[in-house]
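Descriptive analysis of the structure
As a plain string of letters, each chain reads:
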Amino acid sequence: MNYEERNPEEVKEKKKSFFSQAQIESIRKSEEEIKKKEETIKVQAVKAGEVQKQETVSEVIYILDRGNCPIQKFTSDGEFITKWGRQGSGDGEFGNPIDIAIDSQDHVYVTDNYNNCIQKFTSEGEFITKWGRQGSGNGEFEAPWGIAIDSQDHVYIADYYNNCIQKFTSDGEFITKWGRQGSGNGEFEYPSYIAIDSQDHVYVADLDNPHIQKFTSDGEFITKWGRKGSGDGEFFNHSGNIAIDSQDNLYVTDSKKDRDRIQKFTSEGEFITKWGRQGSGDGEFNGLSGIAIDSQDHVYIADYDNHRIQKFTSEGEFITKWGRKGSGDGEFESPGRIVILKS
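Summarised in this report is the structure supplied together with it. Keep in mind that what you see is a predicted model, and the values were worked out from it rather than measured.

Take the overall build of the protein next. Scanning the protein from N- to C-terminus turns up two helices and 30 strands. For the protein, the accessible area works out to roughly 16800 Å², and carbon and sulfur atoms hold 44% of it.

What follows is the structure, given as structure tokens:
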């Protein structure tokens, strides 16, 4: 007689126990597999939600219309949102608004070269503060022109006739300045526009010197490039409006009489590509003014005498346009500088 025959009850209990443990283990594994599947589904749902959010978020475009004076606000596809500003010298009024910038808190800053001041607003146009007056001292201006803001919300102003760059806190407290009149390194002949890259390097376009200069955030000269001419990396008359994309590539508007184009460079000044010509068709221009780049590296151009905004890919492929001559909502007299509130 074998063991099973001699001990039937004991064997029965052992088999019962064995199958119970096997069933429990099987259930546990099934539960783990179900849990893993649930986690996978959750992750996929989150990713899908993020993609959908990215696809539906519309960045905000602010455009300075120097002919009509107000600041107009649009979606990235040109849908009008609101506007503010009027002629004058009081708070929220402009004598000759030149440039516009946005800080990390979505505050909007505007330079006014007639009133020699900088004004600061909420994103909806509510006046916050202003600073500056005519003069050559620290915090004083002789026609403040270009404006840019770095990652610490420091504000940089191209002081046109004083031939220098001034740096401030976001509330207008003077920090430092650099530059003097001339054509050498760190010298200017009417500095016009400023752009700042992801490393807080400062790029300055100079009206009478056809080149771009690059500095540290404290004004130490790094490099420069460009010369007068019509070739790649040359400028027709002078370096124009400038903007920087997410890869720190620099875009420069290059315009003179019957010639209009955009040039694209690396952060060290190496020529990449160009596009544009004189005209009123898609991808053609009649006087280049402002330029700005969104978080997807789409390029927006203020087409001055065509009274419109054109939107392109980073390689210059036309996407869309909006605007026409007039003083109504979404219409322009002299569309100038552009700035984008990025998502």
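What follows covers the environment of T266. Summarising the element assignment, T266 is placed in the loop between β22 (259–265) and β23 (271–275). A sequence separation of 15 residues divides T266 from Y251, and the C-alpha atoms of the two residues are 8.9 Å apart. Excluding its chain neighbours within four sequence positions, the residues that come into contact with T266 are W225, D248, N249 and I272.

This paragraph deals with the sheet that holds strand β10 (residues 144–149). On the basis of which strands lie adjacent, the open sheet formed by four strands has the order β10-β11-β12-β13 and antiparallel pairing. Strands with a single pairing partner mark the edges of an open sheet, and in this sheet they are β10 and β13 (174–178). The average angle at which neighbouring strand axes cross in this sheet is 20 degrees, direction not considered. Across four bridges, strand β12 (residues 164–168) lies against β13 in antiparallel orientation. Of the residues in β13, the one forming a bridge with Q166 is K177.

Turning next to unusual backbone geometry. One non-glycine residue, D106, lies in the positive phi region at around 70 degrees. By the element assignment, D106 lies in the loop between β6 (97–102) and β7 (108–112). Classification of D106 by relative accessible area gives partly exposed; the value is 31%. A positive phi angle is found at D153, which is not glycine, with a value near 65 degrees. Locating D153 in the fold gives a position in the loop between β10 and β11 (155–159).

Strand order in the open sheet made by the four strands is β20-β21-β22-β23, with antiparallel pairing throughout. The sheet is open, and its two edges are formed by β20 (242–244) and β23, each paired on a single side. Taken over all neighbouring pairs, the strand axes of this sheet differ in orientation by 20 degrees on average, direction set aside. Sheet topology note: the β22/β23 ladder contains four bridges and is antiparallel. Across the sheet, F265 pairs through a bridge with F271, a residue of β23.

Before going further, it helps to spend a moment on the packing of aromatic side chains. Considering all chains together, one arrives at 28 aromatic pairs under this definition. Between W145 and Y160, the ring centres sit 4.4 Å apart and the planes meet at 25 degrees, which makes this aromatic pair stacked. In this pair, W145 is assigned in strand β10 and Y160 in the loop between β11 and β12, connecting sequence segments 15 residues apart. Overall, W145 belongs to the buried group, its relative accessible area being 15%. Judged by its relative accessible area of 8%, Y160 is buried. A ring pair is formed by Y160 and Y161, whose centres lie 4.8 Å apart and whose planes are at 90 degrees; its orientation type is edge-to-face. Here the aromatic residues Y62, W84, F94, F121 and F127 are joined through ring pairs into a cluster of three or more. Lying across the ring of F236, R259 places its NZ or CZ 4.5 Å from the centre. If you follow R261 out to its NZ or CZ, it ends over the ring of F236, 4.3 Å from the centre.

This brings us to the nonpolar core. In summary, soluble globular proteins display a tendency toward joint burial of nonpolar side chains. Counting residues in each nonpolar core, the largest one holds 27 residues, and the members touching the most others are I165, V202, I212, I242 and L250. Those elements that provide at least two residues to this core are β10, β11, β16 (191–196), β17 (202–206), β18 (212–215), β20 and β21 (250–256). Those residues in contact with L250 that lie beyond four places of it in its chain are A195, Y203, I212, W225, I242, A243, I244, Q263, K264 and F265.

Calculation notes
Residues numbered from 1 in each chain as written. Predicted model: local features only at pLDDT ≥ 70, side-chain atom pairs only at ≥ 80, totals over all residues. Heavy atoms only, no water. Helix = DSSP H or I, 4+ residues; strand = E, 2+ residues; numbered from the N terminus. Areas by Shrake-Rupley, 256 points an atom, 1.4 Å probe, with all protein chains shown as cover. Contact = heavy atoms within 4.5 Å. Pairing = 2+ DSSP bridges. Axes fitted to C-alpha atoms, helices over the stretch in contact; angles between N-to-C directions. Buried < 20%, exposed > 50% of the residue type's maximum accessible area, 1.4 Å probe, protein only. Phe/Tyr/Trp six-rings, centres within 6.5 Å; stacked < 30°, edge-to-face > 60°. Lys NZ or Arg CZ within 6 Å of the ring centre and 35° of its normal. Core = buried A, V, L, I, M, F, W, Y, C linked by side-chain atoms within 4.5 Å.

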